[in-house]
Every structure is written in structure tokens, then in C-alpha cells.
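Okay, here's what each chain looks like letter by letter:
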Amino acid sequence: MSERVGKRSSQWIPSYAIIPLIFCLMVNTLVYNGSMKINSNRYHYDFTTSFDQKVPLIPSFLIIYFGCYLFWVMNYILIAKQGKEHFYRFQVADVLSRIVCFIFYVFLPTTNIRPEIVGDDIFMKGLQWLWQIDPANNLFPSIHCLVSWFCYIGIRGQKKVPKWYRVASCIFALLVFISTQVTKQHYIVDVFGGVILAEVSYFIGRKTSLYRLFWRFFDRINRWLGIEESKDTMGDRVRDAL
């Protein structure tokens, strides 16, 4: 029975990627919540620009803002399916980006001034709820924009992913950028910060051998947990190289 369940789950998520993906989620949570607690009583900088003041409030974009969570799950799994080396190179970029985010959040805490909510329709109520559960801090760089762009560049150039989906992922990531602006969750500088950080981190992941450390670490954990039972030739070569 357990073998059948394992086979079914591996059809959706490669077995070698389950623990690393959980690890990425844990790092993201610790970075965001941990830095928020550290900065709870510290001065926060406001990077408002004239552009930000002209951006209208469009609460209906909450659909995109919240919809991106499903987008993240789908594309991170899709990225994992592109092969071990590609996935672990991507994981290097993902973890590295969160470390940089933590540094910014702790040493350059940011905030914004949200407008008054007028109206009581479903989107206004949703926006009010969002602002209550997500205080105006940890803005630069935007993790929402960072992760959404990762979802695109992680499959960019991957021929096994249909071109239409790659294009759709790019478009949706851009819509997420817009949603962070018109829901007043972020300022424009936060968007650029997230995109630049994603590109730089991804470049480091692709051009260095740091991925071998992740591969070796999670390979051992997976074997210890019995997730991966058969030896992987490439995995053996990575361990030998280290």
C-alpha cells in the first residue's frame, strides 16, 4: 500500500524534491516571521515615491495577490521535475535569496502608509483582512515578487515545459507585480528589488557548484528516510567530487 502511495505522490512531486521543498518553505517562514519579530520595535523606513502616490487602489486584484500561492506551488513542483541538478541549482538561488531578504529586513526595515478603506464590498473587506494579518513591514525586497519571478525564470528556457505555459507564467508574474502595487502591499522599489534579487541569486545558482552541497545533504536525508532507495549515478559523482 505504501509503495503505491509513494508512486502516486512521485507522479506529482519527484521523491527527491519533497524534503528540499519543505526546507525552502521553512526557510521562507523563518526569514519573514523571524525578522518581523526582531524589528517589532525598530524604526522603519518609508520608500514612497511620486509614482507610488499616483498608483490607484484596486482591491479586486486581491484575486491575483492570493492566487499566486497556487502559482508558486505548481511552478516549484514543475521546476523540481526538470531534473535533480536543475532543481538543486534552483534551490541554491531560493535559499540564498531568503538570506539576502533577511539581511535587508533586519538592517533596513521598511514600511508604507496605507490609504483609508472606503466601502464594504467583498474586495474592500478582503483588503481590510489582508492588512490586518499582514502588517506594513518586510517590504523591500518583495518576497511576493521575488517568488513569482522565480516561478518564471525557473522554467525559462526549459524545453520540456510547453512554451505557452512559460509565457503564461511570465504574464502571471507580471500581474502579481501589479497586484502588489494596486493593493498597496508594496511600493515600486520593492518590485524591482525582488526581481533583481531573483535574477542575481538564480545566476549564482546556475554558475557555481554550490548546488552540490544541497544535493549531497538532501541525498543523505532522503536515503536515511527511505525516500530514495536506489543509488543515483550522478548523485554518486557529486558526492565523490566533494
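Residues numbered from 1 in each chain as written. Predicted model: local features only at pLDDT ≥ 70, side-chain atom pairs only at ≥ 80, totals over all residues. Heavy atoms only, no water.

Undergrad: Is there a simple way to explain the overall build of the protein in this structure?
TA: Secondary structure assignment for the protein yields eleven helices and two strands. Order of helices (α) and strands (β) in the protein, N terminus to C terminus: α-α-β-α-α-α-β-α-α-α-α-α-α. With 242 residues in all, the protein has 45% of them scored as buried. For the protein, restricting intrachain contacts to residue pairs at least 6 apart in sequence, the fraction spanning at least 24 positions comes to 85%. Per element, the accessible surface of the protein, about 13100 Å² overall, is 66% carbon and sulfur. (Helix = DSSP H or I, 4+ residues; strand = E, 2+ residues; numbered from the N terminus. Buried < 20%, exposed > 50% of the residue type's maximum accessible area, 1.4 Å probe, protein only. Contact = heavy atoms within 4.5 Å. Areas by Shrake-Rupley, 256 points an atom, 1.4 Å probe, with all protein chains shown as cover.)

Undergrad: Even after reading the chapter, I still don't get the nonpolar core, so can you show me in this structure?
TA: Nonpolar side chains in soluble globular proteins tend to be buried together. Counting 46 residues, the largest nonpolar core has Tyr76, Phe87, Tyr88, Cys101, Trp149, Phe150 and Ile153 as the members making the most contacts within it. Elements that contribute at least two residues to this core include exactly helix 2 (18–38), helix 4 (62–80), helix 5 (84–107), helix 7 (143–153), helix 8 (163–182), helix 9 (188–207) and helix 10 (211–225). The greatest single-element share of this core, amounting to nine residues, is contributed by helix 7. Not counting residues up to four positions away in its chain, the partners in contact with Cys101 are Val31, Pro141, Ile143, Leu146 and Leu197. (Core = buried A, V, L, I, M, F, W, Y, C linked by side-chain atoms within 4.5 Å.)

Undergrad: Hey, could you run me through the packing of helix 4 against helix 6 (residues 122–133) in this one?
TA: For any two helices packed against each other, the geometry is given by the interaxial angle and the distance between the axes. As a packed pair, helix 4 and helix 6 sit with axes 10 Å apart at the nearest point and diverge in direction by 50 degrees. In terms of axis orientation, helix 4 runs oblique to helix 6. Here Leu62, Ile63, Tyr65 and Phe66 of helix 4 come into contact with helix 6, specifically with Phe123, Gly126, Leu127, Trp129 and Leu130. Of the residues belonging to the contact of helix 4 with helix 6, the class tally is eight nonpolar, one polar and no charged. (Axes fitted to C-alpha atoms, helices over the stretch in contact; angles between N-to-C directions. Parallel < 35°, antiparallel > 145°, perpendicular 65-115°, else oblique. Nonpolar A, V, L, I, M, F, W, Y, C, P; charged D, E, K, R; others polar.)

Undergrad: It is not clear to me how the pattern of salt bridges should be interpreted in this structure. Could you clarify?
TA: Side chains that differ in sign of charge can pair as their charged atoms come close. According to the stated counting rule, one finds five salt bridges in the structure shown. One salt bridge in this structure joins Asp219 and Arg223, with 2.9 Å as the shortest N-O distance. One end of the pair, Asp219, and the other, Arg223, are both in helix 10, four residues apart, so they sit about a helical turn from each other. Asp219 sits in the buried class, given a relative accessible area of 0%. Residues joined in a network through salt bridges with shared partners are Lys84, Asp219 and Arg223. (Salt bridge = Lys/Arg side-chain N within 4 Å of Asp/Glu carboxyl O.)

Undergrad: Is there a simple way to think about the side chain of Ser142 in this case?
TA: Tracing the sequence through the fold places Ser142 in the loop between helix 6 and helix 7. For Ser142, the side chain forms a polar contact with the main-chain nitrogen of His144, separated by 3.3 Å. Sequence-distant contacts of Ser142, that is, excluding residues within four places in its chain, are made with His186, Asp190 and Gly194. (Polar contact = N/O pair within 3.5 Å; in protein donor to acceptor, adjacent residues only side chain to side chain.)

Undergrad: Got a minute to help me understand unusual backbone geometry in this structure?
TA: Most peptide bonds are trans, and most residues other than glycine sit at a negative phi. For the bond from Phe140 to Pro141, the omega torsion is -5 degrees, close enough to zero to count as cis. Mapped onto the fold, Pro141 is located in the loop between helix 6 and helix 7. With phi around 55 degrees, Asn138 is a residue other than glycine that occupies positive phi space. In this structure, Asn138 sits in the loop between helix 6 and helix 7. Overall, Asn138 belongs to the buried group, its relative accessible area being 6%. Unusually for a residue other than glycine, Lys184 sits at a positive phi of about 60 degrees. The exposure class of Lys184 is buried, given its relative accessible area of 12%.

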